[in-house]
Amino acid sequence: MMKKTVFLLVGIFAVCAVLTGCGGLFNDDVSRDRIIEYVSENREILESVTEDEIPGEDAELESWIHDRLGKQTIVKSIYRYNDNNIAFYCGGTGLATNSTYSGFYYSADDTPFALEFPSNELTEISPGVFEWKSSTGEAITTERIMPNWFYYYMEWY
């Protein structure tokens, strides 16, 4: 009985370690500064990607991203929200309702977009910086990097 309990506890610890990044919260976040630098350095190739058909399957999408942006890209996923907006996910922290997500997006009409919260109005809090916060624990901050390109940081708390 003791061996089963120890084995079970070790198994639970191993699963928790994998899910929480070996002791801390899940974290593959990329800094705001690195994201802005990446977009600035790779604008031309990123703009060509916005015109491509983006695959829907995760395994195919990962290969597609590496083929177009290179193996060293900070982009982990790409999602077309609508005809106007394409988001490039770069990383995040936490799990489920206690999490953050960051990256950048392309806006064909050069307007800020609330991504996961499209029906909500963004408020400009300083020149080129916009935000929306709910009373129930969701928020997004988005910042103009250059024409048509915006940084985003989403939170669920």
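Further up the page is the structure itself.
Residues numbered from 1 in each chain as written. Predicted model: local features only at pLDDT ≥ 70, side-chain atom pairs only at ≥ 80, totals over all residues. Heavy atoms only, no water.

S.K.: Where do I start with the pattern of salt bridges in this structure?
M.R.: Pairing between side chains of opposite charge can happen when the charged atoms of each approach one another. In total, this model carries six salt bridges according to the counting rule given. Where arginine 144 meets aspartate 110, a salt bridge forms, and the shortest distance between an N and an O atom there is 2.5 Å. With a gap of 34 residues between them, arginine 144 in strand S6 (residues 138–146) and aspartate 110 in the loop between strand S3 (98–107) and strand S4 (123–126) connect regions that are remote in the sequence. Given the relative accessible area of 32%, arginine 144 is considered partly exposed. Owing to a relative accessible area of 26%, aspartate 110 belongs among the partly exposed residues under this scheme. A network of salt bridges, in which partner residues are shared, links Arg32, Asp33 and Glu143. (Salt bridge = Lys/Arg side-chain N within 4 Å of Asp/Glu carboxyl O. Helix = DSSP H or I, 4+ residues; strand = E, 2+ residues; numbered from the N terminus. Buried < 20%, exposed > 50% of the residue type's maximum accessible area, 1.4 Å probe, protein only.)

S.K.: Hey, could you run me through the layout of surface pockets in this one?
M.R.: The gaps of empty space that remain are located by a probe, the size of a water molecule, rolled over the atoms. If you add up the space inside the largest pocket, you get close to 230 Å³. Surrounding the largest pocket, 16 residues form its lining, Ser77, Ile78, Tyr79, Tyr81 and Tyr89 being those nearest its centre. If you list the elements that add at least two residues to the lining of the largest pocket, you get helix H3 (58–69), strand S1 (77–80), strand S2 (85–95) and strand S7 (149–156). With four residues, S1 is the single largest residue contributor to the lining of the largest pocket. (1 Å grid on protein atoms, 1.4 Å probe; cavity = no way out; pocket = protein on both sides within 12 Å on 5 of 7 lines; lining within 4 Å. Points joined across faces, edges and corners; volume = space filled by probe spheres on them.)

S.K.: I keep staring at the pairing of S2 and nothing clicks. Help me out?
M.R.: A regular strand places its side chains so that they alternate between the two faces of the sheet. Of all the 11 residues making up S2, 10 are buried; the element is thus mostly covered by neighbouring parts of the structure. Of the pairings in the sheet, the one linking S1 to S2 comprises four bridges and is antiparallel in character. Counterpart to serine 77 in the pairing with S2 is tyrosine 89. Once S1 ends, the chain turns through four residues before running back antiparallel as S2. Relative to S3, S2 runs antiparallel, the two sharing 10 bridges. Paired with glycine 94 across the two strands is serine 99, which belongs to S3. Hairpin remark: S2 followed by S3, antiparallel, with two residues in the connecting loop; positive phi at alanine 96, about 55°. (Pairing = 2+ DSSP bridges.)

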